[in-house]
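What follows is each chain in one-letter form.
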Amino acid sequence: MANDVVYYRNASLSEINMFYREAGDPSHPTILLLHGFPTSSHMFRGLIPLLACFLHVESKNTNTLNRTVKNKFTKRKLNLDI
């Protein structure tokens with residue numbers, strides 16, 4: 001049975017306001033779901049609840065998409081953010 005509780009959160013990290021999705025028990029092993037450019041964590045909306053049954057799941061948005069805000073996007077900065 002899937003744990004369908006997915007939390008939508010924001011974290012302020014230096015000059016970044018990062019939006020991410022989180023689900024599952026934090027005491028379980030953590031998996032970080034990364035997406036390619038220009039998609040967002042929304043692409044994992046069906047997978048996150050399924051994995052949350054036995055993993056702690058996090059999926060962040062890259063720094064120019066949706067609710068994540070950062071100035072002067074470059075691919076190098078994208079790699080550093082991860």
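J.: Is there a simple way to explain the overall build of the protein chain in this structure?
T.: Summing up its helical and strand segments, the protein chain has 2 helices and 4 strands in all. Along the protein chain, helices and strands appear, N-terminal first, in the series β-β-β-α-β-α. Scored against the burial criterion, the 82 residues of the protein chain give a buried share of 37%. Residue pairs in contact within the protein chain that sit at least 24 positions apart in sequence constitute 57% of those at least 6 positions apart. For the protein chain, the exposed area adds up to about 5,300 Å²; of that, 56% sits on carbon and sulfur atoms.

J.: How do you make sense of the nonpolar core when you look at a structure like this?
T.: For soluble globular proteins, nonpolar side chains are generally found buried alongside one another. Val6, Ala23, Leu33, Phe44, Ile48, Leu51, Ala52, Leu55 and Val57 form the largest nonpolar core, which has 9 residues in total. Dropping the residues within four chain positions of it, Val57 is found in contact with Arg21, Glu22, Ala23, Ile31, Leu33, Ile48, Leu51 and Ala52.

J.: Can you help me understand the pairing of strand 4 (residues 56-60) in this one?
T.: Remember that side chains alternate between the two faces of the sheet whenever the strand is regular. Within strand 4, 4 of the 5 residues are buried, which leaves it mostly tucked inside the rest of the structure. The pairing of strand 3 (residues 30-32) with strand 4 spans 3 bridges and is classified as parallel. Following the sheet pairing, Leu32 is matched in strand 4 by Glu58.

How each quantity is defined
Residues numbered from 1 in each chain as written. Predicted model: local features only at pLDDT ≥ 70, side-chain atom pairs only at ≥ 80, totals over all residues. Heavy atoms only, no water. Helix = DSSP H or I, 4+ residues; strand = E, 2+ residues; numbered from the N terminus. Buried < 20%, exposed > 50% of the residue type's maximum accessible area, 1.4 Å probe, protein only. Contact = heavy atoms within 4.5 Å. Areas by Shrake-Rupley, 256 points an atom, 1.4 Å probe, with all protein chains shown as cover. Core = buried A, V, L, I, M, F, W, Y, C linked by side-chain atoms within 4.5 Å. Pairing = 2+ DSSP bridges.

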